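If you want the building blocks of each chain, they are given just below.
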Amino acid sequence: MPAKISRNYTGPWPKTPGRLIGVGVVRLYQLTFSPLVGSHCRHLPTCSEYAYEAIARHGLLRGGWLSAKRVAKCGPFGTSGIDNVPD
């Protein structure tokens, strides 16, 4: 059986309640609203993948702040390209 491939962060991260709630909300968005919005993201990884990884690696508050800054970059005059989560 082939290994399951995930577009979300698969590295190690502490499973604290805030992080679990945060990544749960992001995952719920990915499964429900993201298909309705369409795939028009100009960044790699997409904003929801970025949010998942940022919250998993940095916690709900800092990861949420990084995610909000990233979404703010997605306007019509925003940036594009590869934008990885900082260490």
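For every chain, the first residue of the written sequence is number 1, and numbering continues from 1 onward in sequence order. Where totals are concerned, whole chains, interfaces and linings use all residues; where local detail is concerned, this predicted model gives features only for residues with pLDDT of at least 70, and gives and counts side-chain atom pairs only at 80 or more. Computation of side-chain values covers all heavy atoms of the structure but excludes hydrogens and water.

Going by an unreviewed UniProt entry, the protein carries the name Putative membrane protein insertion efficiency factor and comes from Jiella mangrovi. UniProt positions are given in the numbering used here, feature names are shortened, and annotations may be inferred rather than shown by experiment. One UniProt comment on the protein, placed under Sequence similarities (unreviewed entry), says "Belongs to the UPF0161 family."

(A) Quick look at helix H1 (residues 17–32). Put simply, DSSP marks the helices as runs of H or I at least four residues long and the strands as runs of E at least two long, and each gets a number from the N terminus on. Every helix has an expected span of 1.5 Å times one less than the residues it contains. Compared with the 22 Å implied by 1.5 Å per residue over 16 residues, the 22 Å span of H1 between its first and last C-alpha is a close match. Whether a residue is buried, partly exposed or exposed follows from its accessible area with a 1.4 Å probe, protein chains only, as a fraction of its type maximum: under 20%, in between, or over 50%, in that order. Along H1, the residues classified as buried are Arg19, Gly22, Val23, Val26 and Gln30. Around the axis of H1, the buried residues are gathered within 90 degrees of arc, so they sit on the same side. Residues Pro17, Ile21, Val25, Leu28 and Leu31 are exposed on H1 and point more than 90 degrees away from its buried face. Along the arc lie the directions from the helix axis toward the C-beta atoms.

(B) Local environment of the packing of helix H3 (residues 47–58) against helix H4 (residues 60–72). Lines fitted to the C-alpha atoms define the axes, with helices restricted to the stretch that makes contact. Angles between their N-to-C directions range from 0 to 180 degrees. Their axes nearest at 7 Å, the elements H3 and H4 cross at an angle of 155 degrees. One way to sum up the angle between H3 and H4 is to call them roughly antiparallel. Once H3 is placed against H4, the crossing between them reads as right-handed. Taking contact as the criterion, the partners of Cys47, Tyr50, Ala51, Ala54, Ile55 and His58 in H3 are, on H4, Leu60, Arg62, Gly63, Gly64, Leu66, Ser67, Arg70 and Val71. Put simply, Ala, Val, Leu, Ile, Met, Phe, Trp, Tyr, Cys and Pro go in the nonpolar bin, Asp, Glu, Lys and Arg in the charged bin, and everything else, Gly too, in the polar bin. When the residues that make up the contact of H3 with H4 are grouped by side-chain class, the tally is eight nonpolar, four polar and two charged. An angle below 35 degrees is read as roughly parallel, one above 145 as roughly antiparallel, one from 65 to 115 as roughly perpendicular, and any other as oblique. Helix crossings fall into two classes, left-handed where the near helix is turned counterclockwise from the far one by less than a right angle and right-handed where it is turned clockwise. Note on definitions: a residue-residue contact is assigned when non-hydrogen atoms from the two residues lie within 4.5 Å.

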